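Structural overview
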Amino acid sequence: MNMPRMQKAFDDFIKVFFPDVMCWTTWHPVGTDLASTYKVSVSVDKIEVKKRRRNRGIGTRFLKMLLILADQCGFDVVLSPSGQFGGDVVKLRRWYWRLGFRENTCSWAEFRYKANRRNK
Ligand SMILES: CC(C)(COP(=O)(O)OP(=O)(O)OC[C@H]1O[C@@H](n2cnc3c(N)ncnc32)[C@H](O)[C@@H]1OP(=O)(O)O)[C@@H](O)C(=O)NCCC(=O)NCCS
């Protein structure tokens, strides 16, 4: 996977198809394969839906889209539910769990969605 191009495409995609969503991501290379392309883990640092547009399923549709991309392209997605931006952490944890994220043991982030996991 060409990581810089993938990240740029993702950011452009959000602007066009999810204008109510602000999402900050960091794309971490986790090694290179023999063809010198990156393997990637995507960290969602913050996701926010415009206040007047919340509770209409936009956040859910957005994350589902990201997880479809993750499955198709083979990257993991990591994030940590945070109350820092006004959200209720218990609700956030439940929401991420429902979407297929699970507790993460192998890095700083609290939750991980493994590409192509079967335990959703
Ligand atoms: C969390 C957030 C992105 C959800 O976006 P949304 O478009 O409103 O989401 P949806 O309409 O798809 O609702 C999905 C889930 O959001 C969660 N949610 C709704 N309001 C919430 C709140 N105040 N705090 C935490 N989670 C909330 C609920 O679990 C809801 O699922 P449910 O109604 O089935 O329980 C949005 O509420 C937001 O921007 N919050 C402020 C920023 C934030 O806290 N971001 C996450 C931490 S990085």
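None of the values given here were measured: they were computed from a predicted structure.

Overview of the overall build of the protein chain
Within the protein chain, the regular secondary structure consists of three helices and five strands. Ordered by position from N to C terminus, the α and β elements of the protein chain give α-β-β-α-β-α-β-β. Over its C-alpha atoms the protein chain spans a radius of gyration of 14 Å, differing by no more than 12% from the 14 Å that the globule rule assigns to 120 residues. The C-alpha extent of the protein chain, read off along each of the three principal axes, is 45 × 35 × 25 Å. A buried classification covers 14% of the 120 residues belonging to the protein chain. Sequence-distant contacts, at least 24 apart, represent 54% of the contacts inside the protein chain between residues at least 6 apart.

With respect to the site of the ligand
The local shell around the ligand holds 20 residues, among which Arg54, Gly59, Thr60, Gly87 and Trp95 are the closest. Grouping the amino acids of the shell around the ligand by side-chain chemistry returns six nonpolar, seven polar and seven charged.

Quick notes on helix H2 (residues 58-73)
Relative to the 22 Å expected for 16 residues at 1.5 Å per residue, H2 spans 23 Å between its end C-alpha atoms, a close match to the ideal helical length. For H2, the complete set of buried residues consists of Gly59, Leu63, Leu66 and Ala70. The buried residues of H2 occupy one face: seen down the axis, they fall within an arc of 55°. Turned more than 90 degrees away from the buried face of H2 sit Ile68 and Gln72, all of them exposed. Looking one or two residues past H2, Gly74 carries a phi angle of roughly 80°, positive in sign.

Here we look at unusual backbone geometry
Positive phi, normally seen in glycine, also occurs at Asn55, with a value near 60°. The exposed category is assigned to Asn55, around which 7 C-beta atoms lie within 10 Å.

Quick word on the pairing of strand S3 (residues 76-79)
Neither face of S3 is exposed, since Asp76 and Val78 on one face and Val77 and Leu79 on the opposite face are all buried. Judged from the three bridges that link them, S3 and strand S5 (residues 111-113) form a sheet pairing that is antiparallel. Note that in S5 the partner of Val78 across the bridge is Arg112.

Considerations on the environment of Trp95
Tracing the backbone shows Trp95 in helix H3 (residues 89-99). Separated by 18 residues in the primary sequence, Trp95 and Val77 have C-alpha atoms spaced 15 Å apart.

Side note on the nonpolar core
Membership of the largest hydrophobic core comes to 14 residues, with the highest contact counts inside it found for Val42, Ala70, Val77, Leu79 and Phe111. Those elements that provide at least two residues to this core are strand S2 (38-49), H2, S3 and S5. The residues touching Val42, leaving out its near neighbours within four places in the chain, are Thr25, Trp27, Phe75 and Val77.

So, the environment of Ala70
Tracing the sequence through the fold places Ala70 in helix H2. Among the residues examined, Ala70 registers 21 C-beta atoms within 10 Å and is labelled buried. In the structure, Ala70 is positioned 28 residues away from Val42 in sequence and 8.7 Å away in space, judged by C-alpha atoms. If we ignore the near neighbours within four places in the chain, the residues touching Ala70 are Phe75, Asp76, Val77, Tyr113 and Ala115.

What counts and what doesn't
Each chain has its residues counted from 1, running along the sequence as written. Totals for whole chains, interfaces and linings use all residues, but because this is a predicted model, local features are given only for residues with pLDDT of at least 70 and pairs of side-chain atoms are given and counted only at 80 or more. For helices the rule is a DSSP run of H or I covering at least 4 residues; for strands it is a run of E covering at least 2, with both sets numbered from the N terminus onward. Both definitions apply: the radius of gyration is a C-alpha atom measure, and the globule rule equals 2.2 Å times residues to the power 0.38. To sort residues by exposure, count the other C-beta atoms lying within 10 Å of each residue's C-beta; 20 or more gives buried, 12 or fewer gives exposed, and values between give partly exposed, all with C-beta atoms placed from the backbone. It is the C-beta atoms, placed from the backbone, that decide contacts: two residues are in contact if theirs lie within 7 Å. Placing a C-beta atom from the backbone of each residue, we mark the residue near a molecule or strand if the atom is within 6 Å of it. Polar here means any residue outside two lists: the nonpolar Ala, Val, Leu, Ile, Met, Phe, Trp, Tyr, Cys and Pro, and the charged Asp, Glu, Lys and Arg; Gly therefore counts as polar. Residue count minus one, scaled by 1.5 Å, sets the expected span of a helix. Note that the arc is defined by the directions from the helix axis to the C-beta atoms. A pair of strands is labelled paired if DSSP reports no fewer than 2 bridges between them. Only buried residues count toward a nonpolar core: Ala, Val, Leu, Ile, Met, Phe, Trp, Tyr and Cys, linked into one set through C-beta atoms within 7 Å.

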